[in-house]
Amino acid sequence: MQSFSYSKAQSVDQAAAAGGRFIGGGTTLVDLMKQGVETPKMLVDITGLPLSSVETQPDGGLLIGAMVRNSDLAHHETIKAQYAVLSQALLSGASPQLRNMATTGGNLLQRTRCPYFRDTSYSNCNKRNPGSGCAAIGGHNRMMAILGTSADCIATHPSDMAVAMTALEATVHVEGAKGKRAITIADFYKLPGTAPNVENALEPGELIAHVTLPAPRKGSKQVYLKLRDRASYEFALTSAAVVAETSGGHIRFVRVALGGVGTRPWRAHEAETVLMGKPATAAHFRAAAEAALKDAKPQSENGFKVELAKRCIVRALTTATA
Amino acid sequence: MASTTSSPNGTSPNGTSPHGIIGRPVSRIDGPLKTTGAAQYAADFHLTGTVHAVPVQATVGNGTIRSLDVSAARSMPGVLDVLHHGNIERIYRAVPNDPSATVSETRPPFEDNRIYYWGQYVALVVAETLEQATAAAAAVQVEYSAETPSVNGELEPFAGKWHTVSSRGKVDDAFAAAAVQVDQTYVTPVETHNPIELHSTVASWVGDSVTFYESTQGVVNHRNAMAQILGVPRENVTVVTRFLGSGFGGKLFPWSHCALAAVASRRLQRPVKLVVTRTMMFSNVGHRPLTEQRFRIAASADGKLVALRQDALNHTSMVDDFDEGCGEATPYLYSVPNLTVTSALVQRNVGSPAPMRGPGAVPGLFAMESAMDELAVALKMDPVELRLKNDATIDESNGQKFSSRHLRECLETGSAKFGWSRRTPGVGSMRRDGKVLGWGMAAASWGAYRFGCSTTVELGADGKARARCATQDVGTGLYTIFAQVLSEKTGLPFERIEVLLGDTTMPEGPLSGGSWSTATVLPAVAGAADNAIASLLQIAASTPGTPLNGVDAKTLRLTEGRIHRSTDAPAQGVPFESVLAAARLNGVSGDSTSGSAFEDPKTKALSMHSFGAQFVEVEWEPEIARLRVSRVVTVIDAGRIINPRAGANQIKGAVVMGVGMALLEETVYDPRNGQPINGNLADYLMATSPDCPEIDVTFLDYPDYALNSYGARGIGEIGLAGVAPAIASAVYHATGVRVRKLPVRIEDLLQSEIREA
Ligand SMILES: Cc1cc2nc3c(=O)[nH]c(=O)nc-3n(C[C@H](O)[C@H](O)[C@H](O)COP(=O)(O)OP(=O)(O)OC[C@H]3O[C@@H](n4cnc5c(N)ncnc54)[C@H](O)[C@@H]3O)c2cc1C
Ligand code: SF4
């Protein structure tokens, strides 16, 4: 039996110094502990930390505590009014019960749903067992990534929330032995490359304390669109987060991020480049979608994601510029 | 989910019901027990001294065990025993083809060192706690000589022997000569039963006898099979299933874990609890097998069927011959002079398949009704019209009369309620709110059966009526059916009625399968109640000091719980319990045994089936390939409906299951090791609440008196029949994509040439 210690952190400093594994809502971690995928020796419960508020900053941005529950964040008035893409993304994820438990920090760090990662009877998973190979390549791969994959890992990043935060250009604020650091969400998530076990920029023991969002772009419209087989309670086959501002029928500002297709929450810079300054037309949306997916590398079962992602982008752009 | 229910013919044709309890939409008598958590399911039995068993599963899909090292596991805390093929005493096979003792798997667990499918149990760890057993199970070291398993999802090319299920006329000649032909192959995937209650066994061996607290759909069969497998007399085995969190057919017959729990209990002489995990449910306790069916169907230019040929394959395990029976409904559903149905089995490295709600007919009708839809398109004929034109008046497979067949009315009523006449046939021709609509329909059918049943009814001095029967309520409302009959016969309210089911010490009742429970128990419980009442009236007529002493018993009646002269009002009579008290009796009882319809001269010569029609609307957003089922109208001809509330619940649940079958459910095997790779409820997709369409259920409610005096057939399965092909036809109507391999996926929909609504 795998025994572990459990303690409840009283302060951020204490948590950061504890040297244990943080547990927020536990909806990822406990699941994986039951599967034997995660085997922490020391659990540090951080849900009691004073990091559960959502505050508007002097610069007009928003500070979100890492302990804010996904449900509370999704239903927060400011989020609904000014960061609708984030609210929509959160509400499209998991189930109400899970969202009630899940925390902002935990959601950012949720692990892939790759079935071979989650089943320890497969010794070959580079993410779990560096250097052991990748069971997903050549296996059941319908849900796997098509962007940012490597010869060592093709696992999809599963979070919806992080996709919206990518489009909103969030910053992750962490605290640890080295003090406080701010990491842009673009730098936070790592591509798998040859080391898929390294998923993000956190140092061992570092705690996510906050996420900040820049001041909302005045006059922008925001859309999160998630496509999947069933109507709820399923990870994205593909999703798109769009923040766009148009005037005179032309696109003046646009951010596009994709979910369900990338090994990390996927910022579609190429799509943005195609769109900037152009008329908001179906032809430009399609061209942007083509650009976003031009480097897609599908596996044997997920070729359909390429076209589906394109259509998802087009629909999200259409709605956000209507 | 909005939904409505109606029964146009729902007056009381039986006429025997004093306060109309039969046919009334009553809520379940066991509802409060379930909603308060008081209902005890198998795993809820916590016997003193219980220990926990956890199986170890093979991680290869084909091969042999080379070595099995349990030393680490044995020495772990709390571990009491580790069983495997090298140390287990004999577990006998069940007698082949003994219908009273059916098992799911031919091969008993741990019979040898062969591995036939991924997940097969290779060892069993028993420990004081579940956690200790789980940890020790993970520490059992097994090495295999593995070969690549065969889990190929394609069953053709098939070179083996076909078996003829039904045949008339000259089908191949007629097909070749026909004006319009459809020749297509349809595939339904492996689906896993996912009742909310996990398979669970608590086995308690004391001396020579064993008691099972089981999640089974058949306590009597379970007892009989376990006696054979464990090598003990039947009377030494008791099986108790007070409540079942459903089974959908997966819990009809015992699986390996049941015997393992019992053997462990016998060795340790302590109660053993074994709960199969959700992941194990995907490999070890059955599934609806993969089916691949070629249909050749042909008609004259005006739409009269001339030839129908079905060649159906289904996969089975390496050691069991599980025939899905896809030809179930084909021979009798339509009038067609030339027909052949054949079937064959293809072995795969999978666990044994098992019956799943509407076995045979449900995948068979997906194929046949899809082919009918394709034929209608080829004929440029309305699909309802095509069915009406080919409605059968007798069962052409055997020349028998139907006991009661109202398929035509199902189609017409469904058509009217759905608004079918507003359908425009062109692909993608119907729109609403920026979406394309697709309308599809299919006919449905399922057999009507009645088996033998014995029941005891007791009228007690405590003023209560009780029924006892060794059958089980699988969650469908059978407790309430018993209570309704007792209430009808005695006039007592439900508060004064007790129904005791699910215990083999009671008189033998039926297996809960095939939608036959209601039709089977009704005659027995009614007969037992009549016998108990007859005894009671005799006592009333002959108990000195009571008001009716000396009156001819034949003139006495029991109404509203009071015994009275037939010429008097019930209020003028006496409460029955006071008569029993005066006679110093604890109660009177009556027994009754009713027989099987297969042996009944009245029914033997009749073709008995339920019928239905499914009408479906899908909404399709071509721009994003999003398709949802928005509306279903279901019309069911299943005889007299005893409880329309529980009945509609069955149909609605089945329709939702049909949405899952059509659009979501598929067990996927990793080709390299044969593991069901989506074996959990996050990755194996079943319909969720937002996937539920608006459902409108209509029961035609024509009694079928051939089956029993209430005219009831059964409704557990018919609601699923026809849903998937109706959805697939609606998908075609909306998108132009004909999906012949379920489930209909986004991958398929992306092929549509309709790109915007
Ligand atoms: C069945 C199911 C379906 C789901 N569907 C979806 C879906 O559709 N879309 C979606 O986006 N998500 C989905 N999820 C995932 C869900 O959103 C995550 O499990 C959840 O957000 C994780 O948050 P948590 O607080 O429970 O994390 P935990 O499980 O507590 O932690 C997750 C990880 O983060 C670490 N951690 C937690 N907080 C911090 C912190 N402040 N600093 C540093 N490290 C920290 C933990 O150590 C752990 O490694 C689903 C989950 C399940 C189980
Ligand atoms: S895709 Fe990544 S997570 Fe999945 S098996 Fe391969 S290495 Fe492991």
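Every value quoted in this text rests on a predicted model; they were computed, and no experiment measured them.

## Some thoughts on the overall build of chain B
Regarding its fold elements, chain B presents 18 helices and 31 strands. Here chain B has a C-alpha radius of gyration of 27 Å; the compact-globule value for 757 residues is 27 Å, and the two agree. With the C-alpha coordinates of chain B rotated into their principal frame, the extents come out at 85 × 70 × 50 Å. In chain B, buried positions account for 64% of the 757 residues. Looking at chain B as shown, the accessible area adds up to about 26,000 Å², and 50% of this sits on carbon and sulfur atoms.

## What about the site of ligand 1?
All names here are of chain A. Taken together, 34 residues lie near ligand 1, and Phe22, Gly26, Thr27, Thr103 and Asp160 sit nearest. For ligand 1, an oxygen atom lies 2.7 Å from a polar atom in the side chain of Thr27. Between ligand 1 and Asp160 there is a distance of 2.7 Å, counted from a nitrogen atom to a side-chain nitrogen or oxygen. When the free accessible area of ligand 1 is taken as 980 Å², the share hidden by the protein chains comes to 95%. Residue assignment for the shell around ligand 1 shows that the elements contributing at least two residues are strand 2 (21-23), helix 2 (29-34), helix 7 (104-108) and strand 8 (207-213).

## Some remarks on the sheet that holds strand 17 (residues 394-395) of chain B
Two modes of strand pairing occur in sheets, parallel and antiparallel, and in both the strands are linked by backbone hydrogen bonds. Residues and elements named next belong to chain B. Read across the sheet, three strands follow the order 17-18-28 without closing on themselves; strand pairing throughout is mixed. In this open sheet, the two strands that pair with only one neighbour each are strand 17 and strand 28 (606-607). Relative to strand 18 (residues 400-402), strand 17 is paired through two bridges, and the arrangement is antiparallel. The residue bridging Asp395 from the neighbouring strand is Gln400, located in strand 18.

## Regarding the interface of chain B and chain A
Taken together, the contacts link 33 residues of chain B with 31 residues of chain A. Carbon and sulfur atoms supply 53% of the area buried between chain B and chain A, which totals about 2,800 Å² over both sides. The tally of links from chain B across to chain A stands at five salt bridges. Across the chain B-chain A interface, the total number found is 16 residue pairs in polar contact (both at pLDDT 80 or more). At the level of elements, helix 3 (130-139), strand 30 (626-637) and helix 18 (746-749) of chain B are the ones that each hand at least two residues to the side of chain B that touches chain A. At three residues, the largest contribution of residues to the side of chain B that touches chain A is made by helix 3 of chain B. Across the side of chain B that touches chain A, the residue classes break down as 15 nonpolar, six polar and twelve charged.

## With respect to the packing of aromatic side chains
Residue and element names in this part refer to chain B. Under the criterion given, the structure shown has 21 aromatic pairs over all chains. Seen in terms of ring centroids, Trp420 and Trp439 are 6.5 Å apart; in terms of plane orientation they differ by 25°. Their pairing is stacked. Residue Trp420 is located in the loop between helix 11 (407-418) and strand 19 (430-432), and its partner Trp439 is located in strand 20 (residues 435-447); the two are separated by 19 residues in the primary sequence. Across this residue pair, the class does not change: Trp420 and Trp439 are buried. An aromatic cluster is built from Phe418, Trp420, Trp439 and Phe615, whose rings are joined through pairwise contacts. Sitting over the face of the ring of Tyr732, Arg738 holds its NZ or CZ atom 4.1 Å from the ring centroid.

## Points about the pairing of strand 7 (residues 179-184) of chain A
Residue and element names in this part refer to chain A. Relative to strand 7, strand 6 (residues 171-176) runs antiparallel, the two being bridged by six bridges. By the bridge assignment for strand 7, Val172 is matched with Ile183. Taking the residues between adjacent antiparallel strands as the criterion, strand 6 and strand 7 are bridged by two residues.

## Focus on the site of ligand 2
By nearness alone, 13 residues border ligand 2, and A:Cys114, A:Cys125, A:Cys134, A:Cys153 and A:Ile154 come closest of all. For the shell around ligand 2, a count of residues per class yields ten nonpolar, one polar and two charged.

## Focus on the packing of helix 5 (residues 219-230) of chain B against helix 6 (residues 256-268) of chain B
Residue and element names in this part refer to chain B. The N-to-C vectors of helix 5 and helix 6 enclose an angle of 55°; their axes lie 11 Å apart at closest approach. Here helix 5 lies oblique to helix 6, going by the angle between them. Helix-helix and strand crossings are classified by hand; for helix 5 and helix 6 the assignment is right-handed. When helix 5 is examined against helix 6, the residues His222, Met226, Ile229 and Leu230 are found in contact with a partner set consisting of Cys258, Ala259, Ala262, Val263 and Arg266. Considered class by class, the residues forming the contact of helix 5 with helix 6 number seven nonpolar, one polar and one charged.

## A closer look at the sheet that holds strand 4 (residues 54-56) of chain A
Residue and element names in this part refer to chain A. If you trace the five strands from one edge of the open sheet to the other, you get 4-5-8-6-7, paired in antiparallel fashion. Bordering the open sheet on either side are strand 4 and strand 7, each of which pairs with just one other strand. Taken over all neighbouring pairs, the strand axes of this sheet differ in orientation by 20° on average, direction set aside.

## Focus: the nonpolar core
Formed by 136 residues in total, the largest nonpolar core has its most connected members in A:Leu258, A:Leu293, A:Leu317, B:Leu375, B:Leu663 and B:Ile727. Broken down by element, this core gets its largest block of residues, eleven residues, from helix 9 (residues 361-379) of chain B. In contact with B:Leu663, not counting residues within four places along its chain, are B:Leu627, B:Val629, B:Ile727, B:Pro743 and B:Val744. Judged by nonpolar contacts, the second largest core, of 50 residues, contains B:Val26, B:Ala529, B:Ala553 and B:Leu580.

## Notes on the confidence of the model for chain B
Residue and element names in this part refer to chain B. Per-residue confidence for chain B gives a mean pLDDT of 96, with 97% of residues at or over 70. Low confidence marks residues 9-18, where pLDDT is under 50. Its contacts with residues over four positions away, or in another chain, come to 19 contacts. Among the scores for the predicted complex, ipTM is 0.97 and pTM is 0.97.

## Remarks on the domain arrangement of chain B
Residue and element names in this part refer to chain B. When cut into domains, chain B gives domain 1 (1-14 + 382-446 + 603-757) and domain 2 (451-595). Between the C-alpha centres of domain 1 and domain 2 the distance comes to 39 Å. Residue-level contacts link 15 residues of domain 1 with 15 residues of domain 2. Taken together, the connections running from domain 1 to domain 2 amount to zero salt bridges.

## Brief notes about helix 17 (residues 723-735) of chain B
All names here are of chain B. With 13 residues, helix 17 should cover 18 Å at 1.5 Å per step; its first-to-last C-alpha distance of 18 Å lies within 8% of that length. For helix 17, a buried count of 13 out of 13 residues is recorded, marking the element as mostly surrounded by other parts of the structure. Of the residues trailing helix 17, Gly736 is marked for its positive phi of about 80°.

## Details of the environment of B:Val232
Residue and element names in this part refer to chain B. With respect to the helices and strands, Val232 occurs in the loop between helix 5 and strand 12 (237-240). On the accessibility criterion, Val232 (15% relative accessible area) is buried. Counting along the chain gives 23 residues from Val232 to Ser209, while the straight-line C-alpha distance between them is 8.2 Å. Each residue touching Val232, except ones within four places of it in the same chain, is listed here: Trp205, Ala227, Val237 and Arg266.

## What to know about the pattern of salt bridges
Within this structure, the stated rule accounts for 70 salt bridges over all chains. Of the charged contacts, one joins B:Arg74 and B:Asp81 as a salt bridge, the two residues approaching to 3.8 Å between their closest N and O atoms. Looking at B:Arg74, the relative accessible area reads 39%, which means it is partly exposed. What makes B:Asp81 buried here is its relative accessible area of 7%. For B:Glu197, the salt bridge is made with B:Lys251, and the minimal N-O distance between the two is 3.0 Å. Residue B:Glu197 is located in the loop between strand 9 (180-188) and strand 10 (200-206), and its partner B:Lys251 is located in the loop between strand 12 and helix 6; the two are separated by 54 residues in the primary sequence. The same class applies to B:Glu197 and to B:Lys251, which are both buried. Salt bridges sharing partners connect three or more residues here, namely A:Arg286, A:Glu290, A:Glu307, A:Lys310, A:Arg311 and B:Arg755.

Rules behind the numbers
- Residues numbered from 1 in each chain as written.
- Chains lettered and ligands numbered in written order.
- Predicted model: local features only at pLDDT ≥ 70, side-chain atom pairs only at ≥ 80, totals over all residues.
- Heavy atoms only, no water.
- Helix = DSSP H or I, 4+ residues; strand = E, 2+ residues; numbered from the N terminus.
- Rg over C-alpha atoms; globule rule 2.2 N^0.38 Å.
- Buried < 20%, exposed > 50% of the residue type's maximum accessible area, 1.4 Å probe, protein only.
- Areas by Shrake-Rupley, 256 points an atom, 1.4 Å probe, with all protein chains shown as cover.
- Near = heavy atom within 4 Å.
- Polar contact = N/O pair within 3.5 Å; in protein donor to acceptor, adjacent residues only side chain to side chain.
- Pairing = 2+ DSSP bridges.
- Contact = heavy atoms within 4.5 Å.
- Buried area = accessible area lost by both parts, 1.4 Å probe.
- Salt bridge = Lys/Arg side-chain N within 4 Å of Asp/Glu carboxyl O.
- Nonpolar A, V, L, I, M, F, W, Y, C, P; charged D, E, K, R; others polar.
- Phe/Tyr/Trp six-rings, centres within 6.5 Å; stacked < 30°, edge-to-face > 60°.
- Lys NZ or Arg CZ within 6 Å of the ring centre and 35° of its normal.
- Axes fitted to C-alpha atoms, helices over the stretch in contact; angles between N-to-C directions.
- Parallel < 35°, antiparallel > 145°, perpendicular 65-115°, else oblique.
- Left-handed = near helix turned anticlockwise from the far one by under 90°.
- Core = buried A, V, L, I, M, F, W, Y, C linked by side-chain atoms within 4.5 Å.
- pLDDT = per-residue confidence, 0-100.
- Domains from an automatic or database assignment.
- Expected span 1.5 Å × (residues − 1).

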